[in-house]
Amino acid sequence: MVRWANMTTRIDRAQIEHVAQLASLVLTDDEAERLTRELADIVRYVEELNELDTSGIEPTASVRQNVSAPGAEPSESAWRADDVAPSLDPEETLAQAPRSAHGGFAVPTFVES
Amino acid sequence: MPQDDTVRGIAERVRSGEIQATSVAESALATIAAKNGALNAFLAVPHEDVLRQARAIDEKRARGETLGPLAGVPIGIKDALCTRGLTTTAGSKILEGYVPPYDATVVARLRRADAIIVGKTNMDEFAMGSSNENSAFGAVKNPWDRERAPGGSSGGSAAAVAARLVPATLGSDTGGSIRQPAALSGTFGVKPTYGRVSRHGLIAFASSLDQVGPLANDVRGAARVLGVISGKDPKDATSLATPVDDFEAACGGSIKGLRVGVPDEYFAKGLDPEVEASVRAAIAELAAEGCVVRPVKLAHTRYAVATYYVIANAEASSNLARFDGVRYGLRVEPANPGRADVRAMYGATRDAGFGTEVKRRILLGTFVLSAGYYDAYYLKAQKVRTLIRRDFEEAFREVDVICSPTSPTPAFRLGEKVDDPIAMYLNDVYTLPASLAGIPGCSVPAMPTKSGLPVGLQILSPWLQETTLFAVAAAFETRFPSPVLSSSS
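What counts, and where the lines are drawn
Residues numbered from 1 in each chain as written. Chains lettered and ligands numbered in written order. Predicted model: local features only at pLDDT ≥ 70, side-chain atom pairs only at ≥ 80, totals over all residues. Heavy atoms only, no water. Helix = DSSP H or I, 4+ residues; strand = E, 2+ residues; numbered from the N terminus. Rg over C-alpha atoms; globule rule 2.2 N^0.38 Å. Areas by Shrake-Rupley, 256 points an atom, 1.4 Å probe, with all protein chains shown as cover. Lys, Arg positive; Asp, Glu negative; His and termini not counted. Charge placed at Lys NZ, Arg CZ, Asp CG, Glu CD. Buried < 20%, exposed > 50% of the residue type's maximum accessible area, 1.4 Å probe, protein only. Contact = heavy atoms within 4.5 Å. Pairing = 2+ DSSP bridges. Axes fitted to C-alpha atoms, helices over the stretch in contact; angles between N-to-C directions. Salt bridge = Lys/Arg side-chain N within 4 Å of Asp/Glu carboxyl O. Arc of directions from axis to C-beta. Polar contact = N/O pair within 3.5 Å; in protein donor to acceptor, adjacent residues only side chain to side chain. pLDDT = per-residue confidence, 0-100.

Before going further, it helps to examine the overall build of chain B. When helices and strands are tallied, chain B shows 16 helices and eleven strands. Computed over its C-alpha atoms, the radius of gyration of chain B comes to 21 Å, within 12% of the 23 Å expected for a compact globule of 489 residues. As displayed, chain B offers around 15300 Å² of accessible surface, 51% of which is attributable to carbon and sulfur atoms. With 54 positive and 52 negative side-chain charges, chain B shows a separation of 3 Å between the mean positions of the two kinds.

Time to look at the overall build of chain A. Tallying secondary structure elements over chain A gives four helices and two strands in all. Going from the N terminus to the C terminus, chain A shows its helices and strands as α-α-α-α-β-β. Taking all 113 residues of chain A together, the buried fraction comes to 35%. Of all intrachain contacts in chain A linking residues separated by at least 6 positions in sequence, the fraction that spans at least 24 positions is 44%.

Our focus in this paragraph is the pairing of strand β9 (residues 401–405) of chain B. Residues and elements named next belong to chain B. Among the five residues of β9, five are classified as buried, and the element is accordingly described as predominantly covered. Note: strand β7 (residues 259–263) against β9, two bridges, orientation parallel. By the bridge assignment for β9, Val260 is matched with Val401. Pairing of β9 with strand β11 (residues 455–460), which is carried by four bridges, proceeds in the antiparallel orientation. Looking across to β11, one finds that Ser404 is bridged to Gln458.

This part covers the sheet that holds strand β2 (residues 74–78) of chain B. Residue and element names in this part refer to chain B. Pairing in this open sheet of eleven strands is mixed, and the strands run β1-β3-β2-β4-β6-β5-β10-β11-β9-β7-β8 from one edge to the other. Two strands in the sheet have a free side with no partner beyond their single neighbour: β1 (42–44) and β8 (292–296). Across the sheet, the mean angle separating the axes of adjacent strands is 30 degrees when strand polarity is ignored. Together, β1, β2, β3 (116–121), β4 (168–173) and β6 (211–216) form the strand contacts of helix α5 (residues 155–162), whose direction differs from that of β4 by roughly 155 degrees. The strands touched by helix α16 (residues 466–479) are β5 (188–191), β9, β10 (441–446) and β11; relative to β10, the strand with the most contacts, the crossing angle is about 0 degrees.

Attention now moves to the pattern of salt bridges. Inspection of every chain in the model, using the stated rule, returns 37 salt bridges over all chains. Put simply, Asp41 of chain A and Arg44 of chain A hold a salt bridge, and the shortest N to O gap is 3.2 Å. Of the two residues, Asp41 of chain A and Arg44 of chain A are both situated in helix α2 (residues 29–46); the distance of three residues between them amounts to about one turn of the helix. For Arg44 of chain A, a relative accessible area of 54% puts it in the exposed group. Between Asp103 of chain B and Arg111 of chain B there is a salt bridge; the shortest N-O distance is 2.8 Å. A residue is classified by how much of its surface remains accessible, and Arg111 of chain B, at 28% relative accessible area, is partly exposed. Because the salt bridges share partners, they merge into one network encompassing Arg34 and Glu38 of chain A together with Glu357, Arg360 and Arg361 of chain B.

Within helix α1 (residues 13–22) of chain A the residues assigned to the buried category are Gln15, Ile16, Val19 and Ala20 of chain A. Looking down the long axis of α1 of chain A, one finds its buried residues gathered within 140 degrees of arc, a one-sided arrangement. Residues of α1 of chain A that are exposed and point over 90 degrees away from its buried face: Ala14 and Gln21 of chain A. Elements that come into contact with the buried residues of α1 of chain A comprise α2 of chain A together with α12 (356–369) of chain B. A positive backbone phi angle near 50 degrees is found at Ser24 of chain A, which sits one or two residues after α1 of chain A.

With that settled, consider the side chain of Glu357 of chain B. Residues and elements named next belong to chain B. Summarising the element assignment, Glu357 is placed in helix α12. One polar contact links Glu357 to Arg361, side chain to side chain, over a distance of 2.6 Å. One polar contact links Glu357 to Tyr425, side chain to side chain, over a distance of 2.8 Å. Aside from chain neighbours lying at most four places away, what touches Glu357 is Met128, Asn134 and Tyr425.

Here chain B averages 95 in pLDDT, while 98% of its residues score no lower than 70. Both scores are given for the predicted complex: the pTM is 0.96, the ipTM 0.89.

Within the secondary structure, Asp236 of chain B sits in the loop between α7 (219–229) and α8 (247–250). For Asp236 of chain B, the contacting residues outside a window of four places in its chain are Val197, Ser198, Arg199 and His200 of chain B.

Bringing unusual backbone geometry into the picture now. All names here are of chain B. Between Gly152 and the following residue, Ser153, the backbone shows a cis peptide bond with an omega angle of 10 degrees. In this model, Asp114 sits at a positive phi of 70 degrees, which is unusual for a non-glycine residue. Assignment of secondary structure puts Asp114 in the loop between α4 (105–112) and β3.

As structure tokens, this is what we get:
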């Protein structure tokens with residue numbers, strides 16, 4: 001098998017911590033250690049995709065082209081009339097929030113006064 | 001449960017007045033109360049509400065109204081689907097105690113068909129898993145052998161049907177999460193074409209792959225449930241306006257002359273010999289029924305696992321960003337915040353609320369989308385997804401359905417694969433390609449192993465050809481009736 005793009009990425013602890021920060025995940029020392037190892041294994045595994053030459057191949061983000069009626073404009077069905085309709089009950093919805101105030105979701109202060 | 005405990009058996013007798021929905025509900029509640037403790041298949045069963053729903057159906061009939069196609073049928077709902085007024089956790093601590101203010105479209109459609117929503121079934125956290133061991137609320141036990149996993153992520157839905165707690169359940173399938181537990185638990189399950197069923201109210205894992213579908217104790221029962229939940233929903237822009245076929249009528253149709261493709265790539269290294277023998281025997285049954293069996297090539301099968309874990313987890317990392325302690329579920333304020341810090345609250349909440357596998361997948365998903373890696377991993381996987389999709393387009397020019405094992409092994413022992421994520425992922429190798437291509441697929445019980453563990457025959461059909469799939473599954477079920485778990489267990 002020919003590797004057309006032989007790139008291998010090294011996954012280290014600092015990188016995992018950076019990605020964790022992007023994902024708003026706080027990791028303990030043990031977790032960071034173990035996940036660095038596991039992620040490195042998984043990333044090495046998914047690099048088998050590099051065995052395939054995909055130049056000139058369009059990416060698939062959705063399978064709509066396979067399920068649209070022949071000749072139908074795929075984007076057509078994604079449009080709908082902008083009708084006014086009942087939405088969720090605000091009281092019932094806010095009742096599920098860990099904290100609410102003044103008819104809205106309450107979060108810790110994040111703007112300095 | 002009364003004599004004919006299939007979806008149709010119950011619905012027809014409730015519709016005719018032979019039995020009352022209330023007595024069906026009481027019987028289901030009693031069975032669940034007796035058996036669920038050992039299985040952990042249901043996470044929530046709202047006793048009073050179940051009886052109230054049943055009484056409403058009986059009153060409706062007493063008023064002379066015609067009852068719907070699922071009249072009085074008790075149905076379990078995977079806990080990833082929102083149920084108004086009934087806890088919905090997706091198997092996660094981060095949503096413990098969450099009570100949705102709305103029904104998922106599929107749940108609303110079941111109610112409209114006069115089904116009884118009996119409760120919520122256990123699952124791998126956010127549907128991430130193949131064994132149900134990733135549930136924050138304990139693993140589900142396989143009813144055929146309680147030392148073994150029922151499969152996942154819809155493990156509770158599969159176990160509940162296999163143990164005859166209910167005749168049908170809803171599951172969701174992102175990479176095999178209906179078909180694989182159906183196979184490992186010895187029941188029928190179907191993942192429809194992507195877009196056939198609304199995803200509104202399904203807690204999102206990977207939006208380009210997620211589909212809701214039924215599991216049931218017979219093929220026709222699943223066909224009826226799928227008919228009820230299918231169809232365009234203005235609340236899901238990816239749901240299809242394509243007319244909903246009569247899936248139930250398709251069951252019993254002749255399959256003589258139908259071309260059945262058998263891909264070599266699905267009988268590869270790692271396939272259990274007993275599973276292979278069972279599936280080959282099942283395909284021989286289809287040949288005896290008049291099908292024309294021929295080899296078919298799906299060249300990119302072995303890349304499906306890597307492709308899936310990049311795409312699904314990229315989408316998951318984005319979808320799961322909504323769990324931040326603000327609008328619903330858990331919130332953890334940092335112990336010593338110094339100055340108030342909303343980001344620290346997000347982090348503390350997500351750290352306490354997510355399990356290990358979910359964190360692992362969010363990290364992988366965030367990594368493959370991050371600057372400098374997007375093209376090499378995410379875009380690359382999307383291109384390979386095209387190759388996998390084209391494999392099916394080409395194969396279905398030559399055959400009407402494709403048959404294979406659903407899972408390479410029968411049910412494995414609880415704990416056997418928890419410490420090896422890649423071994424766990426490889427368990428999905430035969431279900432992932434259909435998810436990536438968006439085609440429908442089902443798993444129907446074939447001959448069990450010598451030790452009595454269930455084996456699933458996977459049947460795949462082209463986009464929107466669920467009728468063919470149901471015809472083949474029903475014909476197979478007639479030739480080989482699904483083994484039934486003895487009621488003592």
